[in-house]
Protein chains: 2
Amino acid sequence: VPRIALLIEYAGKKFRGSQYQEGVRTVQQELEGAFQILFKQFTRAHLSGRTDSGVSARGQVAHCDVPELAAMPWLKIKSESFDDDSLAELAWKMNGIIGRDLAVAQIQLVPEDFHARRSAVTRQYVYRILNRRQRSALLEDTYLNVYRPLDLEAMRLAASKLLGRHDFTAFRSTSTDRSTPICSVSRCEILNLREGELEFWIAADHFVYNMVRIIVGTLIEVGLGKRDAESISQALERGERNLAGPTAPPWGLTLDSVFYPEALRLWEQKFQEKRQ
Amino acid sequence: VPRIALLIEYAGKKFRGSQYQEGVRTVQQELEGAFQILFKQFTRAHLSGRTDSGVSARGQVAHCDVPELAAMPWLKIKSESFDDDSLAELAWKMNGIIGRDLAVAQIQLVPEDFHARRSAVTRQYVYRILNRRQRSALLEDTYLNVYRPLDLEAMRLAASKLLGRHDFTAFRSTSTDRSTPICSVSRCEILNLREGELEFWIAADHFVYNMVRIIVGTLIEVGLGKRDAESISQALERGERNLAGPTAPPWGLTLDSVFYPEALRLWEQKFQEKRQ
């Protein structure tokens, strides 16, 4: 059967996370509800990974298996194959069904062995911090406001300790997460945009539960002078959760993008950055 | 009496515009309500200009006259003069009272003859358009989604006709606006950010009622091939509203900044763009 991958966006605020949970609204349920309407059969949505309640996504990826177009005459899609036009039409129909806080940016036909989670080689997150005493009415939904001044140089030094392959047990919420705590961090960077608008970018092959938010909570403590960069190395080495900082709140966090091996990297073709 | 100017931000969605209106929530009422609580007397908020229901602001400016600090012991501000620290404290207290969709970014002491509206020499607006077939969950509150492809070159040529000093009667809603229709447009530019995220920037000494939104509605018609650049010149010359296009919806529009003569240009000192 044909397999499709969907590039999706969501505003975290109104979802109780990405994964199916009985009785609450999640991204997976919203997608599967639309699949049921469009394909007239239960269709499982497989996401690249879970995002917590309140966390947004700009480039989340999901896959699912769908019937042949010819078997779904009710869709009234003229083409019999999943070409660019019929996939754009399918995305259009999806967007007409799902809530406006979720959007399908693109749909692609993928090889049968493509798996949104297992094929992914890198995930990239961004956490936004507004570091100024006065809050913002326009940024408050997507930035954590830290009133006291942060020492960016200290934070950058501390962030550099996270780069590379480490055991992130100290940066994992005590939970049911049974995945390996070994993660290879390939990017860990703090950007300073205008007027105290900070962005913390992190990319890794794999993330453990609450990892980005605990790292951010720890780096904020570094920025406030409550701990130093060395304490990050110690937490990594000793693997004790209490050696790291608190978990930063979810609304500052966005799953920015998921990367796949070259052969599967279909998104870039259409979504490359263009400036005129 | 001391006069202060406030640099404010608001998300237009939940306000019925900026100007006082009986029985509905507007920016002016929200500010005056906070002044009443802080200063224990009615204090008029003067804005640099009106914004319509649904329109946001990033750099709106207001002024008001306030009692001396010494006359307001209940504020518990230690300093007796309006220095930087006490003004920051006042802004902090304001932000604790007003709704989170409104924010005071900064307060400055200004000369007694400063007037938020009359002293302003230039206003700058930005209108955001998402020009792609698939909608966005993250941008939908602040961008107008135009599904069909826009011809940017044609739009830029048309926009260039607006630069300079013209009579904008054709771009004014038939209303009670009795200000002069003569406006000097100093900037009229269309930026193309990534993935169809367009920004239309316009700056002028003065704007007539609904002017930016009618200009955007007209330029979109140009972009869709429904009219040409020449029709803009004709509308300007003949001054008939029906020669211009429809009024674009409010949510794409943001009042970006208000400029004052050099002597009064207080904001830039603290809010200059910094990149590390």
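The structure reproduced in this document is the subject of the present report.

How each quantity is defined
- Positions within a chain are numbered from 1, following the residues in the order the chain's sequence is written.
- Numbering of ligands from 1 and lettering of chains from A proceed in the order in which they are written.
- Reporting in this predicted model follows two pLDDT cut-offs: at least 70 for local features of residues, and 80 or more for side-chain atom pairs to be given and counted; totals over whole chains, interfaces and linings ignore these cut-offs and use all residues.
- Computation of side-chain values: all heavy atoms of the structure, hydrogens and water removed.
- Strands here mean DSSP runs of E at least two residues long; helices mean DSSP runs of H or I at least four residues long; both are numbered from the N terminus.
- For the radius of gyration, the atom set is restricted to C-alpha positions; the globular benchmark scales as 2.2 Å times the number of residues to the power 0.38.
- Throughout, exposure labels follow a simple rule: accessible area from a 1.4 Å probe, protein chains only, divided by the maximum for the residue type, with under 20% read as buried, over 50% as exposed, and the rest as partly exposed.
- Contact between two residues is taken to exist if any of their heavy atoms lie within 4.5 Å; hydrogens are not considered.
- Per-residue and other accessible areas follow the Shrake-Rupley method at a 1.4 Å probe size, with only the shown protein chains counted as cover for residues.
- Under the counting rule used here, the positive set is Lys and Arg, the negative set is Asp and Glu, and His together with the chain ends is not counted.
- All charge positions are set by atom: Lys at NZ, Arg at CZ, Asp at CG, Glu at CD.
- Buried area adds together the accessible area that both of two parts lose upon being put together, with accessible area traced by a 1.4 Å probe.
- The salt bridge criterion pairs a side-chain nitrogen of Lys or Arg with a carboxyl oxygen of Asp or Glu, the two atoms within 4 Å.
- In protein, a polar contact means a hydrogen-donor-capable atom and an acceptor-capable atom, both N or O and within 3.5 Å, with residues adjacent in sequence counting only if both atoms are side-chain atoms; elsewhere, any N or O pair within 3.5 Å suffices.
- Every axis corresponds to a line fitted to the C-alpha atoms, with the helix fit spanning only the stretch in contact, and the corresponding angles, defined between N-to-C directions, vary from 0 to 180 degrees.
- Geometric relationships in this document are graded by angle, where less than 35 degrees denotes roughly parallel, more than 145 denotes roughly antiparallel, 65 to 115 denotes roughly perpendicular, and other angles denote oblique.
- Handedness of a crossing follows from how the near helix is turned relative to the far one, being left-handed for an anticlockwise turn of less than a right angle and right-handed for a clockwise one.
- Amino acid classes used here: Ala, Val, Leu, Ile, Met, Phe, Trp, Tyr, Cys and Pro are nonpolar; Asp, Glu, Lys and Arg are charged; the rest, including Gly, are polar.
- Copy-to-copy superposition: least squares on the C-alpha atoms, limited to residues that have pLDDT of at least 70 in both copies.

## Structural notes on the overall build of chain A
(1) Moving on: Each helix and strand in chain A was counted, giving six helices and ten strands.
(2) Moving on: Relative to the 2.2 N^0.38 estimate, which gives 19 Å for 276 residues, the radius of gyration of chain A is 20 Å and therefore close to what a compact globule would have.
(3) Moving on: On the principal axes, the C-alpha backbone points of chain A span a range of 65 × 45 × 40 Å.
(4) Moving on: Per-residue burial for chain A yields a buried fraction of 57% across its 276 residues.
(5) Moving on: Taking as baseline every contact in chain A between residues at least 6 positions apart, the subset at least 24 positions apart corresponds to 68%.
(6) Moving on: When the accessible surface of chain A is summed, it comes to about 12,600 Å², and 49% of that surface belongs to carbon and sulfur atoms.
(7) Moving on: When the 37 positive and 35 negative side-chain charges of chain A are each reduced to one mean point, those points stand 5 Å apart.

## Details of the interface of chain B and chain A
(1) Moving on: Taken residue by residue, the interface counts 41 residues in chain B and 41 residues in chain A.
(2) Moving on: At the boundary of chain B with chain A, total buried surface from both sides reaches about 3,700 Å², with 45% on carbon and sulfur atoms.
(3) Moving on: Counting the contacts that link chain B with chain A gives four salt bridges.
(4) Moving on: Between R132 of chain B and E9 of chain A there is a salt bridge, and its shortest N-O distance comes to 3.6 Å.
(5) Moving on: Where chain B touches chain A, the interface holds 16 residue pairs in polar contact (both at pLDDT 80 or more).
(6) Moving on: Elements with a minimum of two residues in the side of chain B that touches chain A: β1 (3-10), β3 (56-65), α2 (84-97), β4 (102-110) and α3 (152-160) of chain B.

## Quick word on the packing of helix α3 (residues 152-160) of chain A against helix α4 (residues 211-223) of chain A
All names here are of chain A.
(1) Moving on: Two elements in contact, α3 and α4, have axes separated by 8 Å at closest approach and are oriented at 140°. Classified by the interaxial angle, the pair formed by α3 and α4 is oblique. Judged by the twist between their axes, the crossing of α3 over α4 is right-handed. In this structure, α3 uses A154, M155, A158 and A159 to contact α4, whose residues at the interface are L219, I220, V222 and G223.
(2) Moving on: Each residue belonging to the contact of α3 with α4 can be placed in one class, and the counts come to seven nonpolar, one polar and no charged.

## Overview of the environment of A244 of chain B
Residues and elements named next belong to chain B.
(1) Moving on: Inspection of the secondary structure assignment puts A244 in the loop between α5 (229-238) and β10 (253-259).
(2) Moving on: Each C-alpha atom, one on A244 and one on Q234, is 9.1 Å from the other, the two residues being ten residues apart in sequence.
(3) Moving on: Residues within four places of A244 in sequence aside, it is in contact with A170, F171, I214, T218, R227 and A235.

## A look at the relation of the copies chain B and chain A
(1) Moving on: With an axial shift of 0.0 Å and an RMSD of 0.0 Å, the rotation relating chain B to chain A amounts to 180°. Here the symmetry operator amounts to a two-fold rotation axis. Closest approach to the rotation axis among the C-alpha atoms of chain B is made by D141 of chain B, whose C-alpha sits 5.9 Å away.

## Things to note about the environment of G196 of chain A
All names here are of chain A.
(1) Moving on: Counting through the fold element by element, G196 comes out in the loop between β8 (182-192) and β9 (197-204).
(2) Moving on: With 150 residues separating them in the primary sequence, G196 and H46 have C-alpha atoms 37 Å apart.
(3) Moving on: Sequence-distant contacts of G196, that is, excluding residues within four places in its chain, are made with I129, L130 and N131.

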